[in-house]
Amino acid sequence: MSSRLPPLYALRAFEAAARHSSFTRAADELNITQSAVSRHIRTLEEHFACRLFIRNGRSLQLSEAARLLLPGVREGFGALERACSTLRSEEGVLRMKAPSTLTMRWLLARLSRFRHLQPGNEVQLTSAWMDVDHVDFNQEPFDCAVLLGDGHFPPDWEVSCLFSEWLVPVGAPELLKDGPWDVEKLAACELLHPTPDKRDWRTWLARMGLTEDVSLKGGQVFDTLELGMIAAARGYGVSMGDLLMVAEDVAQGRLSLPWPAAVASGLDYYLVWPRTRPGGERLRRLSDFLQGEARAMQLPDVEMLRANATNSGE
């Protein structure tokens, strides 16, 4: 197979020149001379017996053959970079992907404590907006991820449950000046929807038996739980929040719980990683630490209701 492939350095020069539409800028990026880039391109043209670049005055254009070649070359170099970065994770840095609201409300503080208590166990966190939490370890440069899901993950992943999602209405502190709310007050207030499909409010109202009493029409719609909770704290209405993620804000008086009943969404937050990924022992230490942090949380005193069950007593 090696005799059928052109030199790797020539392919790299071709990819850079095609991306920049310039031999000069490709040479600058690769830290070689422009004449070296030209020689690499000639090597490829001789190998494939076709032209790859066409000069039109000062403009450099791809030939039809080059346009066919370029996507596969880019995909190949991307795969090589991902493979090499996987091995670099042994250097003490775990690369994690996590949802944006979880990052801001809970994860950042815990990872800071983890690094302080376990020097040398660095976690590089990438926060991402995800309507449906997802990671592709074959295509994305991460060693692990925290995902909200139902526990059904690929069989070759390690899966560690951190905590369950409990949905609870949240609002500005002054909303409780007259005590907890009744149905009439909830029906009259502005509902804030942290998901475009309003699924969180829909789940909570259904479990509370209030679907017919509280309308989901109207109200501001956001695309993250974080934005909904920020708007609620500023007095724009009542949003659905996650009990664990609002616990510190409730304790410090930045948020209130106008209807102190939390409903299990049926989903949990999991730390996941591929079994074949290097750094498994460090990931297990991180998992144990985050599970301990979740268990130590002091949650607000609310009624906790699971789906198809009465008060769970938790």
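Residues numbered from 1 in each chain as written. Predicted model: local features only at pLDDT ≥ 70, side-chain atom pairs only at ≥ 80, totals over all residues. Heavy atoms only, no water.

Draft legend 1. Focus on the overall build of the protein chain. Looking only at helices and strands, one finds 10 helices and 10 strands in the protein chain. In terms of overall size, the protein chain is more extended than a compact globule, its C-alpha atoms giving a radius of gyration of 27 Å where 314 residues would be expected to give roughly 20 Å. For the C-alpha atoms alone, the extent of the protein chain along its principal axes is close to 80 × 45 × 35 Å. Within the span of the protein chain, comprising 314 residues, buried residues form 46% of the whole. In the protein chain, the proportion of contacts linking residues at least 24 apart, taken out of those at least 6 apart, comes to 75%. On the protein chain, roughly 16500 Å² of surface is accessible, and the fraction owed to carbon and sulfur atoms is 51%. The positive charge centre, built from 35 side chains, and the negative charge centre, built from 41, are 9 Å apart in the protein chain. (Helix = DSSP H or I, 4+ residues; strand = E, 2+ residues; numbered from the N terminus. Rg over C-alpha atoms; globule rule 2.2 N^0.38 Å. Buried < 20%, exposed > 50% of the residue type's maximum accessible area, 1.4 Å probe, protein only. Contact = heavy atoms within 4.5 Å. Areas by Shrake-Rupley, 256 points an atom, 1.4 Å probe, with all protein chains shown as cover. Lys, Arg positive; Asp, Glu negative; His and termini not counted. Charge placed at Lys NZ, Arg CZ, Asp CG, Glu CD.)

Draft legend 2. Layout of the pattern of salt bridges. Going through the model one piece at a time under the given rule, you end up with 17 salt bridges. Notably, a salt bridge pairs Glu-122 with Arg-115, separated by 3.9 Å at the nearest N-O pair. Residue classification places Arg-115 among the partly exposed positions, given a relative accessible area of 29%. Measuring nitrogen to oxygen at the nearest pair gives 2.5 Å for the salt bridge that ties Arg-254 to Asp-249. According to the relative accessible area criterion, Arg-254 is partly exposed, its value standing at 40%. Taken together, the shared-partner salt bridges in this structure form one network comprising Arg-12, Glu-15, Arg-19, Glu-29 and Arg-74. (Salt bridge = Lys/Arg side-chain N within 4 Å of Asp/Glu carboxyl O.)

Draft legend 3. Broad picture of the packing of helix H5 (residues 100–117) against helix H10 (residues 280–295). At their nearest, the axes of H5 and H10 sit 11 Å apart, and the two run at 125 degrees to each other. Relative to H10, H5 is oriented oblique. Crossing of H5 against H10: the hand is right-handed. The residues of H10 that touch H5, namely those facing Trp-106, Leu-107, Arg-110, Leu-111, Arg-113, Phe-114 and Leu-117, are Arg-285, Leu-286, Phe-289, Leu-290, Glu-293 and Ala-294. The class makeup of the residues in the contact of H5 with H10 is 9 nonpolar, no polar and 4 charged. (Axes fitted to C-alpha atoms, helices over the stretch in contact; angles between N-to-C directions. Parallel < 35°, antiparallel > 145°, perpendicular 65-115°, else oblique. Left-handed = near helix turned anticlockwise from the far one by under 90°. Nonpolar A, V, L, I, M, F, W, Y, C, P; charged D, E, K, R; others polar.)

Draft legend 4. Expanded view of the domain arrangement of the protein chain. As far as domains go, the protein chain holds domain 1 (8–88), domain 2 (93–164 + 267–296) and domain 3 (166–264). Using only C-alpha atoms to locate each centre, domain 1 and domain 3 end up separated by 54 Å. (Domains from an automatic or database assignment.)

Draft legend 5. Region of interest: the environment of Val-170. In this structure, Val-170 sits in strand E6 (residues 157–170). Sequence-wise, Val-170 and Glu-158 are 12 residues apart; in three dimensions their C-alpha atoms are separated by 34 Å. When residues no more than four places from it in sequence are discounted, the contact partners of Val-170 are Met-229, Ala-232, Gly-237, Val-238, Ser-239, Met-240, Gly-241, Val-246, Leu-255, Ser-256, Leu-257 and Pro-258.

Draft legend 6. Representation of H5 within the structure. The terminal C-alpha atoms of H5, which comprises 18 residues, lie 24 Å apart, in line with the 26 Å expected from a rise of 1.5 Å per residue. Its axis deflected by about 55 degrees at Leu-107, H5 carries its strongest bend there. Within H5 the residues assigned to the buried category are Thr-101, Leu-102, Thr-103, Arg-105, Trp-106, Leu-107, Arg-110, Leu-111 and Phe-114. (Expected span 1.5 Å × (residues − 1). Bend = angle between axes of the 7 residues up to and from the residue.)

Draft legend 7. Seen up close, the side chain of Lys-198. Checked against the element boundaries, Lys-198 lands in the loop between strand E7 (191–192) and helix H7 (199–208). Although Lys-198 is buried, it makes no salt bridge; Asp-197 carries the closest opposite charge, 9.6 Å away. Of the polar contacts made by the side chain of Lys-198, one reaches the backbone oxygen of Leu-216; its length is 2.7 Å. Other than its neighbours up to four places away in sequence, Lys-198 contacts His-193, Leu-216, Lys-217, Gly-218 and Val-221. (Polar contact = N/O pair within 3.5 Å; in protein donor to acceptor, adjacent residues only side chain to side chain.)

Draft legend 8. Structural view of the environment of Gly-253. Note that Gly-253 resides in the loop between helix H9 (243–251) and strand E9 (261–274). Separated by 120 residues in the primary sequence, Gly-253 and Asp-133 place their C-alpha atoms 30 Å from one another.

Draft legend 9. Quick peek at the nonpolar core. Grouped together as the largest cluster of nonpolar side chains are 25 residues, with contacts concentrated most on Met-96, Trp-106, Leu-107, Val-146 and Leu-286. Going through the elements one at a time, strand E3 (93–99), H5, strand E5 (144–149), E6, H9, E9 and H10 are the ones with two or more residues in this core. Built from parts of two domains, this core gets at least three residues from each of domain 2 (93–164 + 267–296) and domain 3 (166–264). Dropping the residues within four chain positions of it, Leu-286 is found in contact with Leu-94, Met-96, Leu-111, Phe-114, Val-123 and Leu-271. Counting 20 residues, the second-largest nonpolar core is a separate cluster that includes Ala-17, Val-37, Leu-62 and Val-73. (Core = buried A, V, L, I, M, F, W, Y, C linked by side-chain atoms within 4.5 Å.)

Draft legend 10. Representation of the side chain of Lys-97 within the structure. Counting through the fold element by element, Lys-97 comes out in strand E3. Contact partners of Lys-97, with chain neighbours within four places excluded, come to Thr-126, Ala-128, Met-130, His-134, Val-135, Glu-140, Phe-142, Cys-144, Ala-145 and Val-146.

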